[in-house]
Amino acid sequence: MKKKYSIFSIAKNALKGHKDWPKMWRSPEPREFYDVIIIGGGGHGLGTAYYLAKEHGLKNIAVIEKGWLGGGNTGRNTTIIRSNYLWDDSAHLYEHSLKLWENLSTELNYNVMFSQRGVMNLAHNEHDIKEIKRRVSANNLNGIDSLWLSKEEIQKKVPIMNTDNLRYPVLGASYQPRGGTARHDAVAWGFAMRADEMGVDIIQNCEAHQIKTKNGKIEGVETSKGFIRANKVGVVASGHTGVLAETAGIRLPLQSKPLQALVSEPIKPIIDTVVMSSAVHAYVSQSDKGELVIGAGTDSYNSFTQRGGFNIIEETVRAMVELYPVFGKMKMLRQWGGIVDICPDASPIISKCDVEGLFFNCGWGTGGFKATPGSANVFAHTIAKNEAHQINSAFNLDRFASGKLVDEHGAAAVAH
Amino acid sequence: MLIIDCPYCGPRDQSEFSNGGEAHVKRPDGSADIGDREWGEYVFIRANPKGIFYERWVHSHGCRKWFNCVRDTSTDEILKIYKIDEERPKLDSFKNNVKTPSGEPNLGSGNFTVKK
Ligand SMILES: Cc1cc2nc3c(=O)[nH]c(=O)nc-3n(C[C@H](O)[C@H](O)[C@H](O)COP(=O)(O)OP(=O)(O)OC[C@H]3O[C@@H](n4cnc5c(N)ncnc54)[C@H](O)[C@@H]3O)c2cc1C
Ligand SMILES: [Zn+2]
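The sections below set out a description of the structure shown in this document.

Reading the values: rules and limits
Residues numbered from 1 in each chain as written. Chains lettered and ligands numbered in written order. Predicted model: local features only at pLDDT ≥ 70, side-chain atom pairs only at ≥ 80, totals over all residues. Heavy atoms only, no water. Pairing = 2+ DSSP bridges. Helix = DSSP H or I, 4+ residues; strand = E, 2+ residues; numbered from the N terminus. Expected span 1.5 Å × (residues − 1). Buried < 20%, exposed > 50% of the residue type's maximum accessible area, 1.4 Å probe, protein only. Near = heavy atom within 4 Å. Polar contact = N/O pair within 3.5 Å; in protein donor to acceptor, adjacent residues only side chain to side chain. Areas by Shrake-Rupley, 256 points an atom, 1.4 Å probe, with all protein chains shown as cover. Nonpolar A, V, L, I, M, F, W, Y, C, P; charged D, E, K, R; others polar. Contact = heavy atoms within 4.5 Å. Buried area = accessible area lost by both parts, 1.4 Å probe. Salt bridge = Lys/Arg side-chain N within 4 Å of Asp/Glu carboxyl O. Core = buried A, V, L, I, M, F, W, Y, C linked by side-chain atoms within 4.5 Å. Donors = N, O, S within 2.8 Å, 3.2 Å for Na, K, Ca; no water. Axes fitted to C-alpha atoms, helices over the stretch in contact; angles between N-to-C directions.

1. So, the pairing of strand E11 (residues 226-235) of chain A
Residue and element names in this part refer to chain A. Where strand E1 (residues 33-39) meets E11, six bridges bridge the pair, whose relative direction is parallel. Within E11, the residue paired with Ile37 across the bridge is Val233. Pairing between strand E10 (residues 217-223) and E11: four bridges, direction antiparallel. Bridge pairing in E11 places Val221 opposite Ile228. Here E10 hands over to E11 after two residues, the two strands then running antiparallel side by side. Sheet topology places E11 next to strand E18 (residues 358-362); three bridges connect them, and they run parallel. Following the sheet pairing, Gly234 is matched in E18 by Phe359.

2. Considering helix H9 (residues 372-385) of chain A
Each α-helix winds once per 3.6 residues, and so residues spaced three or four apart point in a common direction. Residue and element names in this part refer to chain A. Relative to the 20 Å expected for 14 residues at 1.5 Å per residue, H9 spans 20 Å between its end C-alpha atoms, a close match to the ideal helical length. Counting buried residues along H9, twelve of its 14 residues qualify, which places the element largely inside the surrounding structure. For H9, the full list of buried residues reads Thr372, Pro373, Gly374, Ser375, Ala376, Asn377, Val378, Phe379, Ala380, His381, Thr382 and Ile383.

3. So, the site of ligand 1
Neighbouring ligand 1 are 39 residues; Glu65(A), Thr74(A), Thr78(A), Ser238(A) and Ser102(B) lie closest to it. Neighbouring residues of ligand 1 are distributed over chains A and B. Contacts to ligand 1 include Ile80(A), whose backbone N or O atom sits 2.9 Å from an oxygen atom. Between ligand 1 and Lys370(A) there is a distance of 2.7 Å, counted from an oxygen atom to a backbone nitrogen or oxygen. Protein chains bury 98% of the 1,000 Å² of accessible surface belonging to ligand 1 in isolation. At the level of elements, helix H2 (43-56), strand E12 (255-264) and strand E16 (332-342) of chain A are the ones that each hand at least two residues to the shell around ligand 1. Ranked by the residues each element gives to the shell around ligand 1, the list is headed by E12(A), at three residues. Of the residues assigned to the shell around ligand 1, the class counts are 13 nonpolar, 21 polar and five charged.

4. So, the interface of chain B and chain A
On the side of chain A, 29 residues touch chain B, which itself brings 32 residues to the contact. In total, about 2,800 Å² of surface goes out of reach between chain B and chain A, with carbon and sulfur atoms giving 50% of it. For the pair chain B and chain A, the interface holds two salt bridges. In this structure, Glu104(B) engages Lys66(A) in a salt bridge whose closest nitrogen and oxygen atoms are separated by 2.8 Å. Elements that contribute at least two residues to the side of chain B that touches chain A include exactly helix H1 (36-44) and strand E4 (52-58) of chain B. The element best represented in the side of chain B that touches chain A is H1(B), accounting for five residues. Taken together, the residues of the side of chain B that touches chain A break down into ten nonpolar, 13 polar and nine charged.

5. Brief notes about the nonpolar core
Judged by nonpolar contacts, the single largest core of 51 residues is most densely connected at Leu46(A), Tyr51(A), Trp101(A), Leu104(A), Val112(A), Phe191(A) and Val200(A). Once you skip the residues sitting within four places of it in the chain, Val112(A) turns out to touch Trp101(A), Leu104(A), Ser105(A), Ala182(A), Arg183(A), Ala186(A) and Val187(A).

6. Observations regarding the coordination of the zinc ion (ligand 2)
Residues and elements named next belong to chain B. The coordination sphere of the zinc ion (ligand 2) contains the protein donors Cys6 (SG), Cys9 (SG), His59 (ND1) and Cys63 (SG), at a distance range of 2.0 to 2.3 Å. In primary-sequence terms, the residues that donate to the zinc ion (ligand 2) follow C-x2-C-x49-H-x3-C. Overall, the relative accessible area of 2% leaves Cys6 in the buried class.

7. A short note on the sheet that holds strand E15 (residues 292-298) of chain A
All names here are of chain A. Taken in spatial order, the eight strands make up an open sheet running E5-E6-E4-E13-E14-E15-E12-E16, and their pairing is mixed. A single partner strand is all that each edge strand has here, and the edge strands are strand E5 (147-149) and E16. On average, each strand axis in the sheet is tilted by 25 degrees relative to the strand beside it, whichever way the strands run. Sheet topology note: the strand E4 (residues 119-123)/strand E6 (residues 172-176) ladder contains five bridges and is antiparallel. What sits directly across from Met120, in E6, is Tyr175. Its contacts with the sheet put helix H4 (residues 126-141) on E4, E5 and E6, and the angle it makes with E4 is roughly 145 degrees. On the sheet, helix H8 (residues 310-323) packs against E4, E12, strand E14 (282-286), E15 and E16 and is oriented at approximately 130 degrees with respect to E15.

8. A few points about the pattern of salt bridges
Opposite charge on two side chains lets them pair, provided their charged atoms get close. As enumerated under the stated definition, the model contains 25 salt bridges over all chains in all. With a closest N to O distance of 2.9 Å, Asp76(B) and Arg71(B) form a salt bridge. Taking relative accessible area as the criterion, Asp76(B) reaches 8% and is therefore assigned buried. Each member of the salt-bridge network shares a partner with another, and the members are Glu95(A), Lys99(A), Glu102(A), Asp145(A) and Arg178(A).

9. Comments concerning the side chain of Thr372(A)
All names here are of chain A. Counting through the fold element by element, Thr372 comes out in helix H9. On the basis of relative accessible area, Thr372 is assigned to the buried category, the value being 0%. With near-sequence residues (within four places) excluded, Thr372 lies in contact with Gly43, His44, Ser97, Trp101, Val187 and Phe191.

10. Some remarks on the pairing of E4(A)
All names here are of chain A. Most of E4 sits inside the fold, with five of its five residues counted as buried. The pairing of E4 with strand E13 (residues 274-277) spans three bridges and is parallel. Counterpart to Met120 in the pairing with E13 is Val275.

Structural data, given as structure tokens:
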């Protein structure tokens, strides 16, 4: 039965003390065989299953997740969404995603709290100005809303920002009005619920141990719940995609590192847009609960410990306090890390590989939340049709042999 | 944050060091003859294990010397530090803290250096 959410269902359930809400998805035991197994129950994996069922008519699908849904980077990120990337290939991919975000709550009948409050990227020196203005122009050529803001215009939008009296003064910014934030868990849950309704088996606490292949073809996945056969397998395990690929003898150009974020105590509304600075490294937005959501950087070394170094936090907090002196006395509530999979060109891999029936969606690194619906959508196409969608054709594995990289270090940097 | 025992200066705070990625990567011989794919692997692909990792560090804000290190990436525990021209040490006695390729160590992610 299709679960409907409306103001009436909320009112009705409120009267009953919210005890009778139906389960959002089943918890089935794995079958022996699936047409497609998706490894990784984050937003990208669940979205892939959703679009496979919805747009490609596949029904015998499983998503296997080693922990709980969205417990990876989907539930750990600072939720910044934008599409103002430099190169055409990336711009098309992220814009495809942004367009899907704009209709996602309606499509899923589930509130993903997509809030288009605008995203600002600050320039602090001459080089930043040139680079950011170039990106604004490139965005405009790709039909993406993007404009240059003067210092005065920034001050108007964010009066609490200290633009002059700091080591790297604020000289201007790019601004994407359609950018913003969304509710991280809701995206995973919304996709999961609607995929489940179409018959997708969502299996939590089921860890993939080994991807099994035979004569260059996929056989299935050895899991903590036994061996499951499959015609096709899509690996969408962010930081763990590399170690899983190794089990099938495939080496991917990924390095896994912790990326941290922190939130403050909740306060009254004080900043109504998203402000990012790659140069001094501080990102901030304010959650609906009133917490400041602050993004830090990655550690310099590979690690799978979801914690991150304290020095990284110190750097970010230092930059925050300089840019927003008014935050200087705030208390931070929580800090955490997620393991991000970083590609040499700071662009993702959405690709088939040498093994027939095996597909990878990874390398999103520090900035894949914004891409969740778009990535899932084109990955589903790639799996169903055994070939890339036009939008993800540049994001193949062959680029690391051909040298045709999609270098987004400028637009992505450690930025989100 | 790590405390790294520089072979020349002794234990120092990690913020004095820069990480240099995988150690013992060898440039393929006969580069004129090898194919794009093999070359691409050498340029772009580095080991990324969850467990024992051989890596390089440089003491940037100290003696500025490079050295190698073996670290467990599932716990961040540093198992051995050795000079750049030394052989890759064998660590047969070391048991991996993760039992499956993407498993978690018993102590919980990131707690090892704190709780040990
Ligand atoms: C602190 C932080 C801040 C970020 N900020 C932003 C931001 O502001 N904007 C943005 O666009 N992006 C941001 N990102 C990046 C973004 O979070 C990720 O790129 C994106 O969420 C990846 O989604 P995913 O579904 O691919 O991966 P995940 O959500 O990580 O899902 C992968 C899943 O695979 C599971 N898994 C792993 N191994 C196995 C196995 N062997 N078997 C079964 N399941 C397995 C994991 O448990 C996990 O749930 C941030 C990331 C972090 C860590
Ligand atoms: Zn030294």
